[in-house]
Amino acid sequence: WLLGSLLSLAALLVLAALRRHVGRRYLFGRLASLALTLLGASVIVFILVPGLYAAVEQADDPALRGRPVIVGGDPAKRGSVTGASREARARGVEEGMEMSRALQLCPDAILRRTRLKHYRERVAELRELLRADCERLEELGLDGTFLELASPADGLAHAAELCVRLQAEFGLPA
């Protein structure tokens, strides 16, 4: 499995360099599929949901979409940021930062307390969807998942389709 993963990664790196010269996604996808098929390797895809906690909060409450959301502890008790939406991260808010500093950078942010049990439930639902479409699934924390796709022929197109489905069914960016 590891050797196949390394071959897949090497092929994708080579093809990423080719993409700069080709510039067309369709052709790049076909070249990558051809190379991976010739190598006999499976496709390993990494799906990451950036700012997972804030993304779940925005998915649960559509009124929060497009607004800066910070998830974490109590600013009065030196709480820290456990998640930040793209809008908050664009203003310099980062995970692990003290909430008081995050509020200085983004004073109009909407604060939410961390609901770890809820995030785990949502991630479990998300991974069930992913599990149905892959040979093997490896978890990397709550926000990251490695998938091994059996058919390299349409692996990159399949990965893009999965990201679109995650957005449509869960409202989460991937």
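Computed from a prediction, not measured in an experiment: that's the story for all the values here. (Residues numbered from 1 in each chain as written. Predicted model: local features only at pLDDT ≥ 70, side-chain atom pairs only at ≥ 80, totals over all residues. Heavy atoms only, no water.)

Side note on the confidence of the model for the chain
Detailed conclusions should not be drawn from predicted coordinates in areas where pLDDT is low. Our working definition: Summary of the metric used: pLDDT quantifies the predictor's per-residue confidence within the range 0 to 100. Numbering goes from the N terminus for both helices and strands, where a helix is a DSSP run of H or I of at least four residues and a strand is a run of E of at least two. Pairs of residues are marked as contacts when any of their non-hydrogen atoms sit within 4.5 Å.
Mean pLDDT over the chain: 77, with 71% of residues reaching 70 or higher. Averaged pLDDT values for the elements of the chain fall to 44 in helix α2 (residues 25-39) and rise to 96 in strand β2 (residues 69-72). Taken as a whole, residues 17-39 scores under 50 in pLDDT and shows 29 contacts with residues more than four places along the chain or in a different chain.

Structural notes on the packing of aromatic side chains
Remark: the centre distance and the inter-plane angle together describe each pair of aromatic rings, the angle taken between the planes. Going by this rule: Pairing of aromatic side chains requires ring centres within 6.5 Å, counting the rings of Phe and Tyr and the six-membered ring of Trp. Pairs whose planes differ by under 30 degrees are stacked, by over 60 edge-to-face, and all others tilted. Burial status follows relative accessibility: with a 1.4 Å probe on protein chains alone, a residue under 20% of its type maximum counts as buried, one over 50% as exposed, and anything between as partly exposed.
One pass over the full model with this rule turns up one aromatic pair. For the pair Tyr-53 and Tyr-119, a centre-to-centre distance of 4.4 Å together with 10° between the ring planes defines the contact as stacked. Taken together, the residues Tyr-53 in helix α3 (residues 52-60) and Tyr-119 in helix α6 (residues 116-131) connect sequence positions 66 residues apart. For Tyr-53, a relative accessible area of 15% corresponds to the buried category.

Topic: the pattern of salt bridges
The following threshold applies: A pair is scored as a salt bridge if a Lys or Arg side-chain nitrogen falls within 4 Å of a carboxyl oxygen belonging to Asp or Glu.
This model, assessed by the stated rule, comprises 12 salt bridges. Salt-bridge contacts for Asp-61 lead to Arg-112; the nearest nitrogen and oxygen are separated by 3.6 Å. Of this pair, Asp-61 sits in the loop between α3 and β2 while Arg-112 is found in strand β4 (residues 110-113), placing the two residues 51 residues apart along the sequence. A residue is classified by how much of its surface remains accessible, and Asp-61, at 28% relative accessible area, is partly exposed. Residue class for Arg-112 comes out partly exposed when judged on its relative accessible area of 28%. Here Glu-125 makes a salt bridge to Arg-122, at a shortest N to O gap of 3.7 Å.

A closer look at the sheet that holds β4
Heads up, the condition is: DSSP calls a pair of strands paired once it identifies at least 2 bridges connecting them. All axes here are fitted lines through C-alpha atoms, helices being fitted over the stretch that makes contact, and every angle between N-to-C directions spans 0 to 180 degrees.
With mixed pairing, the three strands of this open sheet are ordered in space as β3-β2-β4. Edge positions in the sheet fall to β3 (81-84) and β4, since each has one partner strand and no second. Averaged over neighbouring strand pairs, the angle between their axes works out to 25° when direction is ignored. Lying over the sheet, α3 contacts β2, β3 and β4, oriented at roughly 120° with respect to β2.

Side note on the sheet that holds strand β1 (residues 43-48)
Ordered by their spatial adjacency, three strands build an open sheet running β1-β6-β5, and the pairing between neighbours is antiparallel. Since the sheet does not close on itself, it has two edges, and those belong to β1 and β5 (136-140), each with one partner. On average, each strand axis in the sheet is tilted by 20° relative to the strand beside it, whichever way the strands run. When β1 meets strand β6 (residues 144-149), the two strands line up antiparallel, connected through six bridges. Within the sheet, the bridge partner assigned to Ile-44 lies in β6 and is Glu-148.

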